[in-house]
Amino acid sequence: MKSKTLSEKIIGSHTATGEVSAGEVVIVKVDYTFSHDAAGPLLINQIQKLNAGSLGDSKDWTIFFIDHAVPSPTKELSNDQATVRTFSMNNGLILSDAGNGICHQVMAEDYTSPGDLVVGTDSHTCTSGGLGAFATGMGATDIAVAMKLRKTWLRVPESIKISVDGKLTRGVFAKDLILKTLSILGTDGAAYKSIEFQGEAIENLDVYGRLTLTNMAVEAGAKTGIIASDKKTLQYLREFDRAEDFREIKADDGATYESEISIDANELEPQIALPSSPDNVKPISEVTEVKVNEVFIGSCTNTRIEDMRTVAQIFKDRQKTKGLKLIVTPSSSKVYLRCVKEGILETLLAAGALVTPAGCGVCFGALGGIPADNDVIFSSSNRNFPGRTGNPKAQTYLGSPATAAATAITGQITDPRDFL
Amino acid sequence: MTGRAWKFKDNISTDEISPGRFMSLRSNLPELAKHTLEDARSDFPSNVRPGDFVVGGRNFGMGSSREQAPLVIKMLGVRAVLASSFARIFYRNAINIGLPAIVVDTASIGDSDELVLDLARGKVQNLTTNQELVFPKMSKTMEAILNEGGLLAYVEKYGDLLLA
């Protein structure tokens, strides 16, 4: 049998024949489907129009999240959320209600297992790839069909191998590594492909950081980002009482990659994406004297507990700069609770942060933290496209949560290594 | 039937096609459609006419999976979106709702050029420049879904999801 990439292996195991190669178009069984309040009402409308299939056996593998606009800022969104809540409860589907967390974070905490095939109505569904799953985002109609038939169709993607040798140094994080990767690939450099991250630096990275890498694979246009499961994955699943969900899955030696990119982690410094594209990246040493008046630490890209610990370390006995808006959004209620128990919340509040409930928040401009005209935002999120944060007259820079915290203290883009 | 080209730059994101700040309008598509692409071209939503074409460059529709992005373009009566390349999810969403998304080199198309699309023969005629642009057939599955008018109708036809 031909050597397989991770994507070929997982997709193959979800087909009738059990084996596929890049380029084939196949029907696959899905392990989880999910939607949320931003796409759910449209998806429910499509499900109700579709006679084929049934929701009868979907109770254990279909999840509706209310995470995009929480707590709801308008009566229209409250009505949308009521539609999602009622539909999921009436059909006995899993409901992850407002405050429980961002869909991708909760998927990684409670549901996705190595080797799974996951589809959801959100482009960052690929986050789950950090656990060794094949996970990809689609629109409401595709997921409506997947929820009723427990299957979807896919073209098996070619894979791009990102080999990362060495070790990330103090103050340099997974977010910096993915921004560096995006600067090489560009916003369509991996279009329709799978990005497979390998190498010593990836093996040494905890799942928290791996989820940050795979989360932003879509920013290079990729169908998914994916990382082999290993003892770090087992350790992560154990933290969420899911050790039994572990299985080892990795690419075969000799698998075929369309291309390979090598990055030396030892040489990497903090990276910044300048307005207005996540591939418009420079190392922090080349970004000087950029004044910032809003800092957002949040989104599905990070704000897992390890990020929060790093941020708290930077804010310990320090304050945000006067007049700067600092908004922190933990990625789930589980993360939030740990922030409370570990004293992180206290540190954040003492630093002057506005801490919001877990949700998508400031990232995409639907509620909260919408910038004023000419505001300059520094965000730990994934996108800085024009108008993304709710005001086309504002500009957004992207970087790691650590860089965001250091920036909040000084009021201009600042190297976090000065504070760690 | 001719339509006018509305030319857009490379890398138009779904945040520009249907921004998140209008999320409250997502269950009210006619209202949401009034903001289609307004951040990229403020004259577009009020002046586009049924039968017109949205003409992108590279990587049209990058970013989020919001299906409202192709839906509001379709709702304004746009005949098809032409682009040199599409972001994956936007392309799939467009076909799934029956909006033709055509991969063709758009460099020679100018803003306001008069275009005629012949989907069956894989040709776009530019009446303004007197050029004929030829585009390759889309994949068999995509073509079959588009021919039924979208994914729901395609699935209903067979009572199942089958490959074309």
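Please read these numbers as outputs of a predicted model, since none were measured by experiment. (Residues numbered from 1 in each chain as written. Chains lettered and ligands numbered in written order. Predicted model: local features only at pLDDT ≥ 70, side-chain atom pairs only at ≥ 80, totals over all residues.)

## Examining the overall build of chain B
Point 1. Looking only at helices and strands, chain B has seven helices and seven strands in total.
Point 2. In sequence order, chain B lays out its α and β elements as β-α-α-α-β-α-β-α-β-β-β-β-α-α.
Point 3. Expected size for 164 residues packed as a compact globule is a radius of gyration near 15 Å; at 15 Å, chain B falls within 12% of this value.
Point 4. Contacts in chain B between residues far apart in sequence, at least 24 positions, make up 63% of those at least 6 positions apart. (Helix = DSSP H or I, 4+ residues; strand = E, 2+ residues; numbered from the N terminus. Rg over C-alpha atoms; globule rule 2.2 N^0.38 Å. Contact = placed C-beta atoms within 7 Å.)

## Some details on the domain arrangement of chain A
All names here are of chain A.
Point 1. On domain assignment, one finds that chain A holds domain 1 (6-263) and domain 2 (270-418).
Point 2. Averaged C-alpha coordinates put domain 1 and domain 2 at centres separated by 24 Å.
Point 3. Each partner contributes residues to the interface: domain 1 has 35 residues there, and domain 2 has 31 residues.
Point 4. Looking at the side of domain 1 that touches domain 2, the elements with two or more residues in it are α4 (103-111), α6 (174-185) and α8 (207-215). (Domains from an automatic or database assignment.)

## So, the interface of chain A and chain B
Point 1. With 46 residues of chain A at the contact, the number on the chain B side is 38 residues.
Point 2. Elements with a minimum of two residues in the side of chain A that touches chain B: β1 (25-29), α2 (40-49), α3 (75-90), α5 (140-149) and β7 (151-155) of chain A.

## Here's the deal with the nonpolar core
Point 1. By size, the foremost hydrophobic cluster in this structure holds 183 residues, and its most contacted members are A:Val295, A:Ala405, B:Phe53, B:Val81 and B:Leu82.
Point 2. Both domain 1 (6-263) and domain 2 (270-418) of chain A contribute no fewer than three residues apiece to this core. (Core = buried A, V, L, I, M, F, W, Y, C linked by C-beta atoms within 7 Å. Buried ≥ 20, exposed ≤ 12 C-beta atoms within 10 Å, placed from the backbone.)

## Examining the pairing of strand β6 (residues 134-137) of chain A
Every regular strand shows the same layout, with side chains that alternate between the two sheet faces.
Residues and elements named next belong to chain A.
Point 1. Neither face of β6 is left uncovered, since the one carrying Phe 134 and Thr 136 and the one carrying Ala 135 and Gly 137 both have all their residues buried.
Point 2. The sheet contact formed by strand β5 (residues 117-120) and β6 spans four bridges and is parallel. Bridge pairing in β6 links Gly 120 to Gly 137. (Pairing = 2+ DSSP bridges.)

## Quick word on the packing of α2(A) against α3(A)
Residue and element names in this part refer to chain A.
Point 1. Running from N to C, α2 and α3 cross one another at 50 degrees; their axes reach a closest spacing of 9 Å. Taken together, the axes of α2 and α3 lie oblique to each other. As for the relative orientation of α2 and α3, their crossing is left-handed in sense. Two secondary-structure elements touch here, α2 through Gly 40, Pro 41 and Ile 44 and α3 through Asp 80, Thr 83, Val 84 and Phe 87.
Point 2. Broken down by class, the residue content of the contact of α2 with α3 amounts to four nonpolar, two polar and one charged. (Axes fitted to C-alpha atoms, helices over the stretch in contact; angles between N-to-C directions. Parallel < 35°, antiparallel > 145°, perpendicular 65-115°, else oblique. Left-handed = near helix turned anticlockwise from the far one by under 90°. Nonpolar A, V, L, I, M, F, W, Y, C, P; charged D, E, K, R; others polar.)

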